[in-house]
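Each chain, letter by letter, is given below.
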Amino acid sequence: MELGVVGLPNVGKSTLFNAITKAGAESANYPFCTIEPNEGVVSVPDERLNVLGKLYNTQKITPAILKFVDIAGLVRGASRGEGLGNKFLASIRECEAIVHVVRCFDDPNVTHVEGSVDPIRDIETINIELSLSDLESVNNKLEKATKRAKQGDKSAVFEVSVLEKLSETLNNGIPAKTITFNSEEQAFVDSLFLITTKPVIYACNINEYDLGKDENSLSYVQKVKEYAKNENSEVLVISAKVEQELTELEDEEKQMFLEEYGLKESGLDKIIKLGYKLLGQISFLTAGEKEVRAWTITKGTKAPQAAGKIHSDFEKGFIRAEVCTYEDMVECGGYTKAKEKGKVRVEGKDYVVCDGDVMLFRFNV
């Protein structure tokens, strides 16, 4: 799963990126310290893997991974070439979702590119620039489709009708996801990989001393929540500074540190959970002495396609899947005992994989 991280300069975007990926993107108190997109890969925390690892005395534990792409701070007018322009936005077109970092703290020592703190203005500035970036892409496709339509291409006539609707909305600085399409139109829109059709997680970056407080008491956060509610986006509250401090701690110290702030989990854990929820992602597990591993799939994936995540031959030659829930596997103490107790099911091609399924695939190529 791949998430693009966007936000105005000096909102804590690169600090957060550094913290959750330890990728070392430069972070400083001046605009455009991130010039080229930075990429970082982070392991998805899943305690089930450690439990199965001990159960199987496994040699290797391989978690699912989450990729973050950190984009240089956008500014008002980027679509017209202001700041660094928006040419680098191409690098997040292939991301499945956007993490939009919003500054929700006051600090006279940290410069704000607009001169004052206003989270809604900042969000709309980014949304306008993303919309205008999409507009350029849509208009290029519209020009080509219009030529084909004039030559009698029926599919092009359909494309023009959709692209014109997109162009009108984006030209007003409004994200494409606000438009309602029928299933055929939506399939075409999905093929365009527009940034403003992607689901968004607004990450409210607050001061360290506001962590653990009732979020209803944080005025900036409440404004973002109200805004996000209108577009069905998700919101999480983090402190990029605290996330950075967490990376320096061992697991036991990290848990104590979180408890001091009254937190149950880190910002990274929150982002992963919301990312999975937004994109309908789940994990199935494979376990053995050589390796215990988590595999990310989309909710609703059937057994052969899940097998294909491991290797294409598994999908091509799929015969059946032997399935046990994680809970039953742990309770029984391993695959052999689970099978003896009738907890291992044999499933065919139509089986829809569930989160936490421990699976063994049988195939023949």
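Residues numbered from 1 in each chain as written. Predicted model: local features only at pLDDT ≥ 70, side-chain atom pairs only at ≥ 80, totals over all residues. Heavy atoms only, no water.

**Student:** Looking at this structure, I do not really get the pattern of salt bridges. What am I missing?
**Tutor:** A side chain of one charge can pair with a side chain of the opposite charge when the charged atoms of the two come close. Throughout the structure, instances matching the rule amount to 19 salt bridges. Residue K273 is joined to E265 by a salt bridge in which the shortest nitrogen-to-oxygen separation is 2.9 Å. For K273, a relative accessible area of 54% puts it in the exposed group. Judged by its relative accessible area of 22%, E265 falls in the partly exposed class. Look at the salt bridges and you will find they share partners, linking D46, R48 and D355 into a network. (Salt bridge = Lys/Arg side-chain N within 4 Å of Asp/Glu carboxyl O. Buried < 20%, exposed > 50% of the residue type's maximum accessible area, 1.4 Å probe, protein only.)

**Student:** Please explain the confidence of the model for the protein as it appears in this structure.
**Tutor:** When pLDDT is low, close inspection of the predicted coordinates is not appropriate. Residue-level pLDDT values for the protein average 86, and 90% of them are 70 or greater. Below a pLDDT of 50 lies the segment residues 30-35, which in the model reaches 20 contacts outside its immediate sequence neighbourhood of four places, other chains included. (pLDDT = per-residue confidence, 0-100. Contact = heavy atoms within 4.5 Å.)

**Student:** Help me understand unusual backbone geometry, please; the structure alone is not making it clear to me.
**Tutor:** Its identity is not glycine, yet N57 carries a phi of approximately 50°, on the positive side. Looking at the secondary structure, you find N57 in the loop between α2 (47-56) and β3 (61-62). A relative accessible area of 66% means that N57 is categorised as exposed. Phi is positive for N232, close to 55°, though the residue is something other than glycine. Residue position: N232 is located in the loop between α6 (219-230) and β7 (234-238). On the accessibility criterion, N232 (69% relative accessible area) is exposed. (Helix = DSSP H or I, 4+ residues; strand = E, 2+ residues; numbered from the N terminus.)

**Student:** Can you walk me through the nonpolar core in this structure?
**Tutor:** Soluble globular proteins tend to bury their nonpolar side chains together. Counting residues in hydrophobic clusters, the biggest one holds 72 residues, and the most contacted among them are L52, L66, F68, I92, C104, Y202 and I271. Counting 16 residues, the second-largest nonpolar core is a separate cluster that includes V160, L170, I179 and F181. (Core = buried A, V, L, I, M, F, W, Y, C linked by side-chain atoms within 4.5 Å.)

**Student:** Please explain the sheet that holds strand β5 (residues 97-103) as it appears in this structure.
**Tutor:** Hydrogen bonding along the main chain pairs the strands of a sheet, whether they run parallel or antiparallel. What the six strands build is an open sheet, ordered β2-β4-β1-β5-β6-β7; its pairing is mixed. A single partner strand is all that each edge strand has here, and the edge strands are β2 (38-43) and β7. Each strand of the sheet is rotated relative to its neighbour by a mean of 25°, with strand direction disregarded. Inspection of the sheet shows strand β6 (residues 200-205) paired to β7 by five bridges, in the parallel sense. Paired with C204 across the bridge in β7 is V237. (Pairing = 2+ DSSP bridges. Axes fitted to C-alpha atoms, helices over the stretch in contact; angles between N-to-C directions.)

**Student:** Honestly, the side chain of Q281 in this entry has me stumped. Any pointers?
**Tutor:** On the secondary structure map, Q281 appears in strand β8 (residues 281-287). The class of Q281 is buried, set by a relative accessible area of 18%. Here L279 takes part through its backbone oxygen, which lies 3.1 Å from a polar atom of the side chain of Q281. Sequence-distant contacts of Q281, defined by excluding residues within four places in its chain, comprise M1, Y276, T296, I297, T298 and K299. (Polar contact = N/O pair within 3.5 Å; in protein donor to acceptor, adjacent residues only side chain to side chain.)

**Student:** How do you make sense of the packing of aromatic side chains when you look at a structure like this?
**Tutor:** Each aromatic ring pair is summarised here by two numbers: the centre-to-centre distance and the angle between the ring planes. This model, assessed by the stated rule, comprises seven aromatic pairs. Ring plane angle 15° and centroid distance 6.4 Å describe the contact between F284 and W295, whose orientation is recorded as stacked. With a gap of eleven residues between them, F284 in strand β8 and W295 in strand β9 (residues 292-298) connect regions that are remote in the sequence. Residue class for W295 comes out buried when judged on its relative accessible area of 12%. Cluster of aromatic residues (ring-pair linked, three or more members): F284, W295, F318 and F361. (Phe/Tyr/Trp six-rings, centres within 6.5 Å; stacked < 30°, edge-to-face > 60°.)

**Student:** Please explain the packing of helix α3 (residues 119-150) against α6 as it appears in this structure.
**Tutor:** Axis angle and axis distance: for two packed helices, these are the angle between their axes and the distance between the axes, and together they describe the pair. The N-to-C vectors of α3 and α6 enclose an angle of 40°; their axes lie 9 Å apart at closest approach. Here α3 lies oblique to α6, going by the angle between them. In this structure, α3 uses P119, I120, I123, E124 and N127 to contact α6, whose residues at the interface are Y220, K223, V224 and Y227. When its residues are assigned to classes, the contact of α3 with α6 shows six nonpolar, one polar and two charged. (Parallel < 35°, antiparallel > 145°, perpendicular 65-115°, else oblique. Nonpolar A, V, L, I, M, F, W, Y, C, P; charged D, E, K, R; others polar.)

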